[in-house]
Amino acid sequence: MSEIREVQVTVDCADPRALSLFYNAVLGYQLPPLPPGFGSWDDFAASLPPEQRNSASASEDPVGRGPRMFFQRVPEAKSVKNRIHLDVRAAPGLTGEERMAALEAEAERLVALGARRLERHEPAPPMGAGHLVMSDPEGNEFCLD
């Protein structure tokens, strides 16, 4: 039997720091602990050569339940639909109009943070409870589920 492993979700992007702060707000995550000897992440960044600044950032679940997210700067822009995406569980246990209202409220909050709303999928029992397709500020798709 295989040993259970931790999972880190890695996202290629243009602005790692901004995207990690976006997902911190979406998921209730936080930046990792500072490296020893630094008072802030800005102090740490200032210690790096200019070409390495904002080359990576991370977001972590403060209670350790969810996967760590790692954001790495890449030179190319996103060009096609994601083959894998996050489902942000914004309305677990809710059904029907109550569920869709909770998803709409969360979508409104995330749009104010820089997300874009892409599609609404109505509940279609027995399999589909309804969800919203969104994209983050760099165009990566995710669902509000």
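Parameters at a glance
- Residues numbered from 1 in each chain as written.
- Predicted model: local features only at pLDDT ≥ 70, side-chain atom pairs only at ≥ 80, totals over all residues.
- Heavy atoms only, no water.
- Helix = DSSP H or I, 4+ residues; strand = E, 2+ residues; numbered from the N terminus.
- Phe/Tyr/Trp six-rings, centres within 6.5 Å; stacked < 30°, edge-to-face > 60°.
- Expected span 1.5 Å × (residues − 1).
- Buried < 20%, exposed > 50% of the residue type's maximum accessible area, 1.4 Å probe, protein only.
- Arc of directions from axis to C-beta.
- Contact = heavy atoms within 4.5 Å.
- Pairing = 2+ DSSP bridges.
- Axes fitted to C-alpha atoms, helices over the stretch in contact; angles between N-to-C directions.

A closer look at the environment of A124
Here comes step 1: Take A124: it is sitting in the loop between β5 (116-121) and β6 (131-135).
Here comes step 2: Distance from A124 to G96, taken between C-alpha atoms, is 9.4 Å for residues 28 residues apart in sequence.

Looking at the packing of aromatic side chains
Here comes step 1: Across all of its chains, the model carries 6 aromatic pairs by this definition.
Here comes step 2: Between the aromatic rings of F22 and Y23, the centroid separation amounts to 5.1 Å while the plane-to-plane angle is 85°, which identifies the pairing as edge-to-face.
Here comes step 3: Here the aromatic cluster, defined as three or more aromatic residues joined through ring pairs, consists of F22, Y23, F71 and F142.

Details of helix α3 (residues 96-112)
Here comes step 1: Here α3 is 17 residues long and its end C-alpha atoms lie 25 Å apart, about the 24 Å a rise of 1.5 Å per residue gives.
Here comes step 2: Among the residues of α3, R99, M100, L103, E106, A107 and L110 are the ones counted as buried. Buried residues of α3, seen end-on, are gathered within an arc of 125° and therefore sit on one face of the element. Residues of α3 that are exposed and angled more than 90 degrees away from the buried face: E97, E98, E108 and A112.
Here comes step 3: Summarising the contacts, the buried residues of α3 are in contact with α1 (16-27), β5, β6 and β7 (141-144).
Here comes step 4: Looking one or two residues beyond α3, the residue adopting positive phi is G114, at roughly 120°.

With respect to the sheet that holds β5
Here comes step 1: Across the sheet, 4 strands lie side by side as β4-β7-β6-β5; this open sheet has mixed pairing. Lying at the two open borders of the sheet, with one neighbouring strand each, are β4 (86-88) and β5. Within this sheet the neighbouring strands show an average axis-to-axis angle of 25°, counted without direction.
Here comes step 2: Where β4 meets β7, 3 bridges bridge the pair, whose relative direction is parallel. Paired with L86 across the bridge in β7 is F142.
Here comes step 3: Running at roughly 10° to β6, α3 makes contact with β5, β6 and β7 of the sheet.

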